[in-house]
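Geometric and topological summary
Here are the chains, one letter per residue:
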There are 2 protein chains.
Amino acid sequence: MLSKNQIKLITSLKQKKYRQQHGLFVVEGVKTIRELLQSNLELHSIYTTETFNIDAKSEFLISEVELKKISFLKTPNRALSIFKIPKSKSIDKTQLIVALDDVRDPGNLGTIIRLCDWFGIKDLVCSKETVDCFNPKVIQATMGSITRVNICYVDLIEFLSDSELTSFGAFMDGNSIYKIKIPSEGVLVMGNEANGISKEVESLVKKKISIPRFGELQETESLNVATATAILLSEFRRSSC
Amino acid sequence: MLSKNQIKLITSLKQKKYRQQHGLFVVEGVKTIRELLQSNLELHSIYTTETFNIDAKSEFLISEVELKKISFLKTPNRALSIFKIPKSKSIDKTQLIVALDDVRDPGNLGTIIRLCDWFGIKDLVCSKETVDCFNPKVIQATMGSITRVNICYVDLIEFLSDSELTSFGAFMDGNSIYKIKIPSEGVLVMGNEANGISKEVESLVKKKISIPRFGELQETESLNVATATAILLSEFRRSSC
């Protein structure tokens, strides 16, 4: 049986304020929970319809009706767990880093975290306005990659001012990525879904790059920030192959 | 005022069966509707809280409450319209074509249509199991690109058997796209979100390609089909630059 306090805690973790206050976040679905249990993340508690065979203090067997009550998903997937938010590690400033300037959509951030994991990017730097990576929708979209990418929320202006790496920013009018020489390290800056990279961050970007558009009509507005990140990360990595 | 019949028609168009029966589909949001009004698509009717200044026979001014009632969105965006489903055009078999084998997620199909538009792919060929491109969630994700890409639902086995173009299929164990020579025309085959390309289609694919994974742990399961399509289309296009 779920206690009132447990329900209250879980429900509160939908909000960033309470995630930060408690230092906890929610992960749902048996597969992702299993993956996280094998990572360095510290488990707080697990509410499940089938046992995971972990210590009895942390595990609470509940009914499907109870799970439906606490789940953030339309179709709950057998278990909901709470993990402790890990401390950010220090950033390795000698490698390729991805920096996000005010990315707001949880699905986009989740996809970008998964891309960083695929392309071996260790550090993802986010402006303070970027959506919280422990937002349940982000966690759902990362498919476990959240455990393998170090995500830091920083003052992006300060970070870029201090960085010795060349910064590359994705713009509509930048130089074609097929024509410029791309190094294997640097900071790749991606902007907000609607407004792109902000003026202040733009002034700190050393090289403006762009993915050429091939449609005859030239009417497609822009690529989605996650698909653009996919293409640009691939370009950085192909340069080191 | 909305009539019962109008409400019934609009609501029915959420389902593929009725879209096909009526030959109609729903588009929401002022911006996308404006874009579609300027395309070759034929308008059936528009239900809006602000006039579009089009002929009175097709336009119905309604209240926000009424819009909320008929909208497929959580947050309706001032107008809902119905357009006629266009006839598929014949496929140009001398250029780069994208073929989808059972892609099920509407968001993924929408993103892939937008990518085709960006990269100047005129023809998108879908297996009959692929999600319907006139599904409201697909339309929402395409951002108007649906008017610029010719989408055909075909028997993919037959299509690939008849095709004279070299077919490239995305697999986990294919040849690195950074190392093989990619031509500027061909058929790029992308598979289902969970199962990839089916065995039957695989047997017809001439070249298996793959996006190398760079993470040290090699644990990221796979790239999302839309982000993988983004990277592969970029590779095809860079080869013609």
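A quick note: this is a predicted structure, and the numbers were derived from the prediction, not measured.

Calculation notes
- Residues numbered from 1 in each chain as written.
- Chains lettered and ligands numbered in written order.
- Predicted model: local features only at pLDDT ≥ 70, side-chain atom pairs only at ≥ 80, totals over all residues.
- Heavy atoms only, no water.
- Contact = heavy atoms within 4.5 Å.
- Buried area = accessible area lost by both parts, 1.4 Å probe.
- Salt bridge = Lys/Arg side-chain N within 4 Å of Asp/Glu carboxyl O.
- Least-squares fit on C-alpha atoms with pLDDT ≥ 70 in both.
- Pairing = 2+ DSSP bridges.
- Helix = DSSP H or I, 4+ residues; strand = E, 2+ residues; numbered from the N terminus.
- Axes fitted to C-alpha atoms, helices over the stretch in contact; angles between N-to-C directions.
- Parallel < 35°, antiparallel > 145°, perpendicular 65-115°, else oblique.
- Left-handed = near helix turned anticlockwise from the far one by under 90°.
- Domains from an automatic or database assignment.
- Nonpolar A, V, L, I, M, F, W, Y, C, P; charged D, E, K, R; others polar.
- Buried < 20%, exposed > 50% of the residue type's maximum accessible area, 1.4 Å probe, protein only.
- Phe/Tyr/Trp six-rings, centres within 6.5 Å; stacked < 30°, edge-to-face > 60°.
- Lys NZ or Arg CZ within 6 Å of the ring centre and 35° of its normal.

Residue-level contacts link 37 residues of chain B with 37 residues of chain A. Surface buried jointly by chain B and chain A totals about 3,400 Å² across both partners, of which 62% is contributed by carbon and sulfur atoms. The largest per-residue losses of area from chain B upon contact with chain A belong to B:Trp118, B:Phe214 and B:Arg238, which jointly make up 23% of the total buried on that side. In this structure, the connection of chain B to chain A is made through two salt bridges. Between A:Glu235 and B:Arg238 there is a salt bridge, with its nearest N and O atoms 2.7 Å apart.

Once that is clear, we can look at the relation of the copies chain B and chain A. A rotation about an axis combined with a shift along that same axis relates the two copies of the chain. When chain B is brought onto chain A, the operation consists of a screw motion whose angular component is 180° and whose axial shift is 0.0 Å, with 0.0 Å RMSD remaining. Accordingly, the operation relating the two chain copies is best matched by a two-fold axis. Looking at chain B, 100% of its interface residues are interface residues in chain A too, so the copies touch through the same face.

The pairing of strands in a sheet comes from backbone hydrogen bonds and takes either a parallel or an antiparallel form. All names here are of chain A. With parallel pairing, six strands are arranged side by side in an open sheet as β7-β6-β5-β9-β8-β10. Strand pairing shows two members of the sheet lacking a second neighbour, β7 (150-154) and β10 (207-210), which therefore form its edges. Each adjacent strand pair in this sheet contributes to an overall mean axis angle of 35°, direction not counted. Sheet topology note: the strand β8 (residues 167-176)/strand β9 (residues 186-190) ladder contains three bridges and is parallel. Its bridge partner being in β9, Gly169 is matched across the sheet by Val189.

A separate point is the packing of helix α5 (residues 106-118) of chain B against helix α9 (residues 225-238) of chain B. Residue and element names in this part refer to chain B. Here α5 crosses α9 at 15°, and the two axes come no closer than 9 Å. As the angle between them shows, α5 and α9 are arranged roughly parallel. With respect to the hand of their crossing, α5 and α9 are arranged in right-handed fashion. On α9, the residues touching Asn108, Thr111, Ile112, Leu115 and Cys116 of α5 are Val225, Ala226, Thr229, Ala230 and Leu233.

Here we take up the domain arrangement of chain A. Residues and elements named next belong to chain A. For chain A, the assigned domains are domain 1 (4-84) and domain 2 (96-238). Residue-level contacts link 14 residues of domain 1 with eleven residues of domain 2. When domain 1 packs against domain 2, close to 1,000 Å² is buried across both sides, 62% of that on carbon and sulfur atoms. Looking only at domain 1, the three residues that lose the most surface to domain 2 are Arg19, Phe25 and Glu35, adding up to 39% of its buried area. Put simply, domain 1 and domain 2 have two salt bridges between them. We note a salt bridge from Arg19 to Asp132, for which the minimum N-O separation is 2.8 Å. If you list the elements that add at least two residues to the side of domain 1 that touches domain 2, you get α2 (16-22), β1 (24-28) and α3 (30-37). With four residues, β1 is the single largest residue contributor to the side of domain 1 that touches domain 2. Considered class by class, the residues forming the side of domain 1 that touches domain 2 number seven nonpolar, two polar and five charged.

This brings us to the pattern of salt bridges. Residues and elements named next belong to chain A. Counted according to the given criterion, the structure contains 18 salt bridges over all chains. Between Lys84 and Glu42 there is a salt bridge; the shortest N-O distance is 2.9 Å. Placement of Lys84 in strand β4 (residues 79-84) and of Glu42 in the loop between α3 and β2 (43-48) is noted, with a sequence separation of 42 residues between them. On the accessibility criterion, Lys84 (34% relative accessible area) is partly exposed.

Our focus in this paragraph is unusual backbone geometry. Most peptide bonds are trans, and most residues other than glycine sit at a negative phi. With phi around 70°, A:Asp102 is a residue other than glycine that occupies positive phi space. Topologically, A:Asp102 is positioned in the loop between β5 (96-100) and α5 (106-118). You will see that B:Arg78, though not glycine, has its phi angle at about 65°, which is positive. The residue B:Arg78 is located in the loop between α4 (64-70) and β4 (79-84) in this model.

Residues and elements named next belong to chain A. The strand order across the open sheet formed by four strands is β1-β4-β2-β3, and the pairing between neighbours is mixed. Both edges of this open sheet fall to β1 and β3 (59-61), since each of them pairs with a single strand only. The average undirected angle you get between the axes of adjacent strands in this sheet is 15°. With three bridges joining them, β2 and β3 adopt parallel strand pairing.

The next thing to look at is the packing of helix α9 (residues 225-238) of chain A against α9(B). Here α9(A) crosses α9(B) at 55°, and the two axes come no closer than 8 Å. Taken together, the axes of α9(A) and α9(B) lie oblique to each other. In terms of crossing hand, the pair formed by α9(A) and α9(B) is right-handed. Counting all contacts with α9(A), which are made through A:Ala226, A:Thr227, A:Ala230, A:Ile231, A:Ser234, A:Glu235 and A:Arg238, the residues of α9(B) involved are B:Ala226, B:Thr227, B:Ala230, B:Ile231, B:Ser234, B:Glu235 and B:Arg238. A class-by-class count of the residues in the contact of α9(A) with α9(B) yields six nonpolar, four polar and four charged.

Tallied over the entire structure, the rule returns twelve aromatic pairs over all chains. Ring plane angle 45° and centroid distance 6.4 Å describe the contact between B:Tyr178 and B:Phe214, whose orientation is recorded as tilted. Pair noted here: B:Tyr178 is in the loop between β8 (167-176) and β9 (186-190) and B:Phe214 is in the loop between β10 (207-210) and α9, with a separation of 36 residues, a long-range link. Following the ring pairs from residue to residue traces out a cluster consisting of A:Phe25, A:Phe83 and A:Phe134. A cation over an aromatic ring shows up here: B:Lys208 above the ring of B:Phe171, its NZ or CZ 4.7 Å from the ring centre.

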